[in-house]
Amino acid sequence: MKNITQQLADEAATQQLGRQLSSCLAAGVTLHLRGDLGAGKTTLVRAMLQGLGYAGKVKSPTYTLVESYVVSPLYLYHFDFYRFLDPEEWIEAGLRDYFNAQSVCLVEWPEKAGDLLPAPDLTIHLHIEQNSRRAEITAHTARSESSLHAAKIF
């Protein structure tokens, strides 16, 4: 497991990080996004999709639980579990099948699903600081560490 911290001076810096991270997204990758409300999780996802060439609108899935996108050969699913009151809601929502070798799963508020989610390849924790943000990026697999090196993030 390898960690790196990046200071994000403004929204443009968050978007730049998202575009860089887009090259790390491949079939079978699960990415957990952590951070308080307003930390920039959806902004980061939007930039990742744009980095992959997606030109459509990227909505927060806070009320729908999941938004799906087909970008080039990728089936990408953006989840938001903020409204979960109990981890069992993840099972009841029938979301298990989305997490497979053909999908890219980006999960906001993964802690709300407890230990029921598959382990992430990458975790990005966004912290709100006085006038900026701080991103802590953790690679949990050799594949994700290698892709972060290739993206010049590590």
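Residues numbered from 1 in each chain as written. Predicted model: local features only at pLDDT ≥ 70, side-chain atom pairs only at ≥ 80, totals over all residues. Heavy atoms only, no water.

**What to know about the packing of aromatic side chains**
As a reminder of what qualifies: The rule is short: rings of Phe, Tyr and Trp, with Trp giving its six-membered ring, pair when the centres are within 6.5 Å, and they are stacked under 30 degrees, edge-to-face over 60, tilted in between. Secondary structure elements follow DSSP: runs of H or I of four or more residues count as helices, runs of E of two or more count as strands, with numbering from the N terminus. Remark: exposure states derive from per-residue accessible area (1.4 Å probe, protein chains only) relative to the maximum for the residue type, with buried under 20%, exposed over 50%, and partly exposed in between. To sit over a ring, a charge needs its Lys NZ or Arg CZ within 6 Å of the ring centre and within 35 degrees of the ring normal.
As enumerated under the stated definition, the model contains eight aromatic pairs in all. Ring geometry for Tyr 82 against Trp 109: centres 4.8 Å apart, planes inclined by 55°, an arrangement best described as tilted. Placement of the pair is Tyr 82 in the loop between strand 4 (74-80) and helix 3 (88-92) and Trp 109 in the loop between strand 5 (103-108) and strand 6 (122-128), with a sequence separation of 27 residues. For Tyr 82, a relative accessible area of 29% translates into the label partly exposed. Each residue in the set Tyr 77, Phe 79, Phe 81, Phe 84, Trp 90, Tyr 98 and Phe 99 is aromatic and connected to the rest through ring pairs, giving one cluster. If you follow Lys 112 out to its NZ or CZ, it ends over the ring of Tyr 82, 5.4 Å from the centre.

**Considerations on the sheet that holds strand 7 (residues 133-139)**
Note the following rule: Should DSSP find at least two bridges between two strands, the strands are regarded as paired. Axis lines are fitted through C-alpha atoms, for helices just across the contact stretch, and the angle between N-to-C directions can take any value from 0 to 180 degrees. Contacts: residue pairs with any heavy atoms within 4.5 Å of one another.
Spatial strand order, 1-7-6-2-5-4-3: seven strands in an open sheet with mixed pairing. The open sheet is flanked by strand 1 (2-8) and strand 3 (66-71), the only strands paired with a single partner. For this sheet, the mean inter-axis angle between neighbouring strands, taken without regard to orientation, is 15°. Pairing between strand 2 (residues 30-35) and strand 5: four bridges, direction parallel. Each residue of the ladder has a partner; that of His 32, found in strand 5, is Val 107. Most of the contacts of helix 2 (residues 41-51) go to strand 2, to which it runs at about 145°, and overall it touches strand 2, strand 3, strand 4, strand 5 and strand 6.

**What about unusual backbone geometry?**
With phi around 60°, Trp 109 is a residue other than glycine that occupies positive phi space. Classification of Trp 109 as buried rests on a relative accessible area of 11%. Not every positive phi belongs to a glycine, and Lys 152 is a case in point at roughly 60°. Mapping Lys 152 onto the fold places it in the segment after helix 4 (142-150).

**A word on the environment of Ser 132**
In this structure, Ser 132 sits in the loop between strand 6 and strand 7. In this structure Ser 132 comes out as buried when scored by relative accessible area, which is 17%. Separated by 121 residues in sequence, Ser 132 and Glu 11 place their C-alpha atoms 8.6 Å apart. Beyond its immediate sequence surroundings of up to four residues, Ser 132 is in contact with Gln 7, Leu 8, Ala 9 and His 127.

**Some details on the packing of helix 1 (residues 11-21) against helix 2**
Basically, it comes down to this: Oblique is the label for every angle not falling under 35 degrees (roughly parallel), over 145 degrees (roughly antiparallel), or within 65 to 115 degrees (roughly perpendicular). Crossing handedness is read from the near helix: turned anticlockwise from the far helix by less than a right angle, it gives a left-handed crossing, and turned clockwise, a right-handed one. Residues were grouped as follows: Ala, Val, Leu, Ile, Met, Phe, Trp, Tyr, Cys and Pro as nonpolar; Asp, Glu, Lys and Arg as charged; and all remaining residues, including Gly, as polar.
In contact at an axis separation of 7 Å, helix 1 and helix 2 are set at 50° when each is read in the N-to-C sense. When the axis of helix 1 is compared with that of helix 2, the two are oblique. The chirality of how helix 1 crosses helix 2 is right-handed. Between helix 1 and helix 2, the residues in contact are Glu 11, Thr 14, Gln 15, Leu 17, Gly 18, Arg 19 and Leu 21 and Thr 43, Leu 44, Ala 47, Met 48 and Gly 51, respectively. Partitioning the contact of helix 1 with helix 2 into residue classes produces five nonpolar, five polar and two charged.

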